[in-house]
Amino acid sequence: MKKFILSFLIIWSITSCSTYDYVVDSDYNYNGKFHRYKTFDFASNQSFAGVLEDKEIVESSLKGILQAWGYRHRDRRPDLVVVYSIFFDELNFRGYSQPEFRAWLRHNFSKDKLAMSDDSLSSTYDERETYAPHLKEDYDKIKYSLREGTILISFLDRKRNQTVWQGYASGVFGTDAQRNERVMKSAVIQILDEYKILAFSESS
């Protein structure tokens with residue numbers, strides 16, 4: 001529990017009580033071993049469209065939240081490889097129509113194997129969690145036309161070499177005036193609000 005309280009305080013300090021109105025969504029892989037992921041690192045060879053300052057803001061925000069959730073940063077053989085990108089222009093993007101992520105997790109993982117944070121990183125987060133006794137595991141493709149300024153974050157299972165989760169915030173850089181550290185941090189926070197899987201038990 002001490003770890004969980006500490007994580008909340010760290011995340012609260014990152015948010016600075018700031019939220020913005022983005023289009024936020026995520027997709028996931030039904031084969032993801034979400035109860036086994038404990039460590040992470042960032043992809044070393046990824047291309048990044050933003051300037052170095054943008055890269056540092058996104059990466060430090062990701063690192064702070066993941067570590068607050070109990071994930072350990074490991075530069076050799078991590079469980080998850082984190083890939084992030086910024087797209088400044090409008091973007092055509094392929095997503096999937098799936099059961100809501102947290103409902104699917106609760107349906108497939110017992111509480112002693114998977115801990116999820118019930119606290120929102122963002123004060124405007126809409127839980128939208130619904131439970132269905134039979135959740136179809138189909139990948140129904142959907143094409144999205146995303147507004148200019150999209151941050152995309154993906155988690156790759158290193159052992160399986162496949163993406164297990166990805167989330168994005170669209171419309172982040174609608175104007176040059178919006179492109180600042182607080183806006184970018186808020187976008188990362190709202191994206192990870194779609195994930196919120198802890199790497200430690202809340203009772204520990």
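Here, the structure is the one placed above.
> Pulling in residues and values, what's your account of the pattern of salt bridges?
Applying the stated criterion across every chain, the model contains two salt bridges. Residue Lys-185 pairs with Glu-181 through a salt bridge whose shortest N-O separation is 3.1 Å. With a gap of four residues between them, Lys-185 and Glu-181 both fall in helix α4 (residues 181-192), about one helical turn apart. Residue classification places Glu-181 among the partly exposed residues on the basis of a relative accessible area of 41%.

> Go over the nonpolar core, please, and point to the residues and values.
Within the largest apolar cluster, 45 residues are counted, with the highest numbers of intra-cluster contacts made by Phe-34, Tyr-71, Ile-153, Phe-155, Trp-165 and Tyr-195. The biggest single contributor to this core is α4, with seven residues.

> Can you lay out the packing of helix α2 (residues 52-68) against α4 for me, pointing to particular residues and giving the numbers?
Their axes nearest at 9 Å, the elements α2 and α4 cross at an angle of 40°. By the angle class used here, α2 and α4 are oblique. Crossing hand, α2 versus α4: right-handed. Of α4, the residues touching α2 (which contributes Asp-54, Ile-57, Val-58, Ser-61, Leu-62 and Ile-65) are Glu-181, Met-184, Lys-185, Val-188, Ile-189 and Leu-192. Split by residue class, the contact of α2 with α4 holds eight nonpolar, one polar and three charged.

Rules of the game
- Residues numbered from 1 in each chain as written.
- Predicted model: local features only at pLDDT ≥ 70, side-chain atom pairs only at ≥ 80, totals over all residues.
- Heavy atoms only, no water.
- Salt bridge = Lys/Arg side-chain N within 4 Å of Asp/Glu carboxyl O.
- Helix = DSSP H or I, 4+ residues; strand = E, 2+ residues; numbered from the N terminus.
- Buried < 20%, exposed > 50% of the residue type's maximum accessible area, 1.4 Å probe, protein only.
- Core = buried A, V, L, I, M, F, W, Y, C linked by side-chain atoms within 4.5 Å.
- Axes fitted to C-alpha atoms, helices over the stretch in contact; angles between N-to-C directions.
- Parallel < 35°, antiparallel > 145°, perpendicular 65-115°, else oblique.
- Left-handed = near helix turned anticlockwise from the far one by under 90°.
- Contact = heavy atoms within 4.5 Å.
- Nonpolar A, V, L, I, M, F, W, Y, C, P; charged D, E, K, R; others polar.

Shape descriptors only; they carry no functional weight alone.
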